[in-house]
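# Report on the structure
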Amino acid sequence: MCNLTRLRSMALDSSGKQPEQQQQQQPPPRASTEAGLKLRKTPNEELEPDNYEDLQLDFSPVLFSSLERYLPEQVLNSTRNDKARFMRNLLLRYSPETERIRIQRHREYREKILSSYQRLHVEIYSLDPASFFAPSFLNALSQKSEQGLRSIMSQPSAGIFTFEMLNPRFCEMLLAEVEHMEKWVYDSRTTIMRPNTLNKFGVVLDDFGFESMLKKLVDDFISPISQVLFPEVCGTALDSHHGFIVEYGKDRDTELGFHVDDSEVSLNVCLGKIFSGGDVYFRGVRCDNHVNSEINDKEMYDYSHVPGQAILHRGRHRHGARATVSGHRVNLILWCRSSSFREMKNYQKDFSGWCGECRRVKTDRQKLSIEATKQALIKIGAEKASKPSAD
Ligand SMILES: O=C(O)CCC(=O)C(=O)O
Ligand SMILES: [Fe+2]
């Protein structure tokens, strides 16, 4: 066992999405609008809510689908856009002032990018598997079987999967696009919104127009793969994401502190360039109650990045990145979330299936109770002590 420095939960600060706890909050059930319409006290369980994922909204689309079940009849009968507008206004009305300002700033930031950023490689904004992916990845997926998928996966440590994923040409184009974005940010004197609370460099791809491409990547590839590799969190599907670039090297971030991601599953792909150092270290999966518990030796795993190669791991798999000692390392990170898992987690008490510490405690308890039963049986003479007697 070794000691652990206190770990941080990475939260978003600029993506326009809510940190985990806030995202799960529902507005007060009797919240009312300016027009005086009241939300239902209980959700309409029979209603099949609309999907809001393709709309530019200030809150998670999943939140809109959940909230729709509380809408009064008068609003339910209107169009999807009208319902979205109604719910957005309601959510804004019940958000704290600081949150409202943050949402407004983020909206203006995206609008500025949309109206004046000129894309360098237009072709990488729509998913094209044949040109994005490495042949081995395409080939494995074309087999449409678990065996085909597992044939390209290495699992060097429990719950960490590595595989060749991206084509070198696609990596080059995305790297060039990122440089082009940074130049635009500098030239236009825009204050860039960073990916999360730990990275001081890097850029959110969703803000720069990659949202629908990344959504398709999650829907068609990462979600089905995760359903096979992580059934405990992806039983249904991954239905939202936060996609960004991290950068390390001289004049950039050097390393990344020990943390867990705000995701069910995280994809981390190295795009290049030439660098040394920058290994990612993993230290076991933990639930909220045990993020700072000790490390078991078996949970220690260090991974060296290779351009084009991906790591897929649980967001709750504690990790950090060591210093990039020379050169420039750039990675594509995709935090993928499942709303159904998050809803379930609210009342799911037993995490022993996936948290290393819950599992250890449960096993210890089982051992103790087996031993206690044995001792009780010995006491009442129903069983002999384990050591055979001399005669
Ligand atoms: O630098 C890396 O490879 C890890 C990045 C990471 O863990 C994150 O951004 O959440
Ligand atoms: Fe991370």
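Residues numbered from 1 in each chain as written. Chains lettered and ligands numbered in written order. Predicted model: local features only at pLDDT ≥ 70, side-chain atom pairs only at ≥ 80, totals over all residues.

Broken down by element type, the chain carries twelve helices and 13 strands. Look at the contacts in the chain between residues 6 or more apart in sequence, and 81% of them connect residues 24 or more apart. (Helix = DSSP H or I, 4+ residues; strand = E, 2+ residues; numbered from the N terminus. Contact = placed C-beta atoms within 7 Å.)

This part takes up the domain arrangement of the chain. Domain boundaries assigned for the chain yield domain 1 (28-93), domain 2 (113-345) and domain 3 (353-381). Inter-centroid distance (C-alpha atoms) of domain 1 to domain 3 is 49 Å. (Domains from an automatic or database assignment.)

Right, let's talk about the UniProt feature "domain: Fe2OG dioxygenase" (unreviewed entry) in the chain for a bit. Here, UniProt's "domain: Fe2OG dioxygenase" (unreviewed entry) annotation points to residues 239-338. Summarising residues 239-338: 0% helix, 61% strand, and an end-to-end C-alpha distance of 5 Å. (UniProt positions renumbered as here; feature names shortened; annotations may be inferred.)

Let us look at the site of ligand 1. Within the structure, ligand 1 sits among ten residues, and Asp261, Val280, Ala321, Asn331 and Ile333 are positioned closest to it. Here the residues of the shell around ligand 1 sort into six nonpolar, three polar and one charged. (Near = placed C-beta within 6 Å. Nonpolar A, V, L, I, M, F, W, Y, C, P; charged D, E, K, R; others polar.)

Now for the nonpolar core. Residues Val203, Leu205, Ile222, Ile245, Val269, Leu334 and Cys336 are the most contacted members of the largest nonpolar core, which totals 53 residues. Beyond its immediate chain neighbours, meaning those up to four positions away, Val203 contacts Val178, Met181, Glu182, Ile192, Phe208, Phe244 and Ile245. Counting residues in each nonpolar core, the second largest holds 14 residues, with Phe59, Ala84, Phe86 and Leu91 among its members. (Core = buried A, V, L, I, M, F, W, Y, C linked by C-beta atoms within 7 Å. Buried ≥ 20, exposed ≤ 12 C-beta atoms within 10 Å, placed from the backbone.)

Here helix 12 (residues 356-379) is 24 residues long and its end C-alpha atoms lie 34 Å apart, about the 34 Å a rise of 1.5 Å per residue gives. Among the residues of helix 12, those classed as buried are Gly356, Glu357 and Cys358. As for helix 12, its buried residues are in contact with strand 9 (280-285). Positioned one or two residues after helix 12, Gly381 has a phi angle of 80 degrees, which is positive. (Expected span 1.5 Å × (residues − 1).)

For any part of a model where pLDDT is low, the fine detail of the predicted coordinates should not be relied upon. Mean pLDDT over the chain: 86, with 86% of residues reaching 70 or higher. Scored below 50 in pLDDT, residues 1-5 makes eight contacts in the model with residues more than four places away or belonging to other chains. Taken over the whole predicted complex, pTM reads 0.81, whereas the ipTM for its chain interfaces reads 0.99. (pLDDT = per-residue confidence, 0-100.)

In this model, Gly272 is joined to Lys273 through a cis peptide bond whose omega is -5 degrees. Mapped onto the elements, Lys273 comes out in the loop between strand 7 (265-272) and strand 8 (275-277). Positive phi, close to 50 degrees, is recorded for Lys144, a residue that is not glycine. Topologically, Lys144 is positioned in the loop between helix 7 (135-142) and helix 8 (146-151). Under the C-beta neighbour-count criterion, Lys144 is labelled exposed, with 9 such atoms within 10 Å.

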